[in-house]
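Residues per chain are reported as follows:
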Amino acid sequence: MNTKIHFERFVDAETNTYTYLVADPVSKDAALFDSVKEHTDTYAERLSALGFTLRYLFETHVHADHITASGHLKTRFPEAVIAISKDAGIACSHRALQEGEILMVGSIPVQVLATPGHTSESLSFLVDGNRLLSGDTLLIDSCGRTDFQAGDARAMHASLRRLAELPNETLVYPGHDYKGQHVSTIGEQKEKNPLLNLSEEAFLAELASWNLPPPKKIKQSVPANLTCGL
């Protein structure tokens, strides 16, 4: 793994969304994960201040709670590539990601893990071999909901089991947290996250009991994100 890596988190307070900046300080190549439209200027200013070149705009899935900044950032950084699952069905220029492929941000490998459940096209990204950007799949002490956008609780159970097989020391950086938590590890989640230790039947019953209201921005966010936020 790379001992020199720039890793930075941005927080959207309204939706409790975490955006991650990953960059190689040597090559100056950078990537943003799960950007939020309202913070487009903040990302652009930060990249400029650090002298980074934005190469990728990764998305873990088509978001229902916020509008992505990817399309707006690509107009500012034309060399950047929007990268999302091949199953996302978005109507703008993008790199269609497949399970297992590895993209390089300078010398930093980003491995694509297909982790459906929250949505059918949900991905997680293993950065530099030891940082899991888990989107809305594995949350700290919980997991993403599965009751809209072709969500599937059975697929989520399988995806969580798969992520639990990563090395215990793997750092977990979720796409959201509603309690101010920022990072965990796979080992810690196997001990503390009750959803990782449920049988499939018990897991399905647990998620069915949540009965959550729909995201406030779903009617605006999903259509907008199918055109990369534009």
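Quantities reported herein were computed from a predicted structural model and do not represent experimental measurements. (Residues numbered from 1 in each chain as written. Predicted model: local features only at pLDDT ≥ 70, side-chain atom pairs only at ≥ 80, totals over all residues. Heavy atoms only, no water.)

Looking now at the overall build of the protein. Within the protein one finds six helices and 14 strands. Whereas a compact globule of 230 residues would reach a radius of gyration of roughly 17 Å, the protein reaches 17 Å, a difference of no more than 12%. A total of 230 residues make up the protein; the buried ones form 53% of that total. Counted over contacts in the protein with a minimum sequence separation of 6, partners at least 24 positions apart contribute 63%. Roughly 10,000 Å² of accessible area belongs to the protein as shown, and the carbon and sulfur atoms make up 52% of that amount. (Helix = DSSP H or I, 4+ residues; strand = E, 2+ residues; numbered from the N terminus. Rg over C-alpha atoms; globule rule 2.2 N^0.38 Å. Buried < 20%, exposed > 50% of the residue type's maximum accessible area, 1.4 Å probe, protein only. Contact = heavy atoms within 4.5 Å. Areas by Shrake-Rupley, 256 points an atom, 1.4 Å probe, with all protein chains shown as cover.)

Let us look at empty space enclosed by the protein. Tallied over the entire structure, the rule returns one cavity of 30 Å³ or more. In this model, the largest cavity occupies a volume close to 60 Å³. What lines the largest cavity is simply Glu59, His61, Val62, His63, Thr68, Ser70, Ile82, Ile84, Ile90, Asn225 and Cys228. A per-class count over the lining of the largest cavity returns five nonpolar, five polar and one charged. (1 Å grid on protein atoms, 1.4 Å probe; cavity = no way out; pocket = protein on both sides within 12 Å on 5 of 7 lines; lining within 4 Å. Points joined across faces, edges and corners; volume = space filled by probe spheres on them. Nonpolar A, V, L, I, M, F, W, Y, C, P; charged D, E, K, R; others polar.)

With that out of the way, let us pick up the sheet that holds strand β6 (residues 95–97). With respect to topology, six strands assemble into an open sheet ordered β1-β2-β3-β4-β5-β6, the strand pairing being mixed. The open sheet has two free edges, formed respectively by β1 (6–12) and β6, since each of these has just one partner strand. Strand-to-strand twist of the sheet, defined as the mean angle between neighbouring strand axes without regard to direction, takes the value 20 degrees. In this structure, strand β4 (residues 53–58) lies alongside strand β5 (residues 81–85), joined through three bridges in parallel fashion. (Pairing = 2+ DSSP bridges. Axes fitted to C-alpha atoms, helices over the stretch in contact; angles between N-to-C directions.)

A separate point is the side chain of Ser35. Examined against the element boundaries, Ser35 turns out to sit in the loop between β3 (29–33) and α1 (40–50). Side-chain polar atoms of Ser35 contact the backbone nitrogen of Ala69, separated by 3.2 Å. When neighbours within four sequence positions are excluded, Ser35 is seen to be in contact with Thr19, Tyr43, Glu59, His66, Ile67, Thr68, Ala69, Ser70 and Leu73. (Polar contact = N/O pair within 3.5 Å; in protein donor to acceptor, adjacent residues only side chain to side chain.)

On to the side chain of Glu121, then. Note that Glu121 resides in the loop between β8 (108–114) and β9 (123–127). The buried charged residue Glu121 lacks any salt bridge partner; its closest oppositely charged side chain belongs to Lys86, at an N-O distance of 11 Å. A polar contact is formed between the side chain of Glu121 and the backbone nitrogen of Val62, at a distance of 2.8 Å. Filtering out sequence-adjacent residues up to four positions away, Glu121 remains in contact with Thr60, His61, Val62, Ser85, Asp87 and Ala88. (Lys, Arg positive; Asp, Glu negative; His and termini not counted. Salt bridge = Lys/Arg side-chain N within 4 Å of Asp/Glu carboxyl O.)

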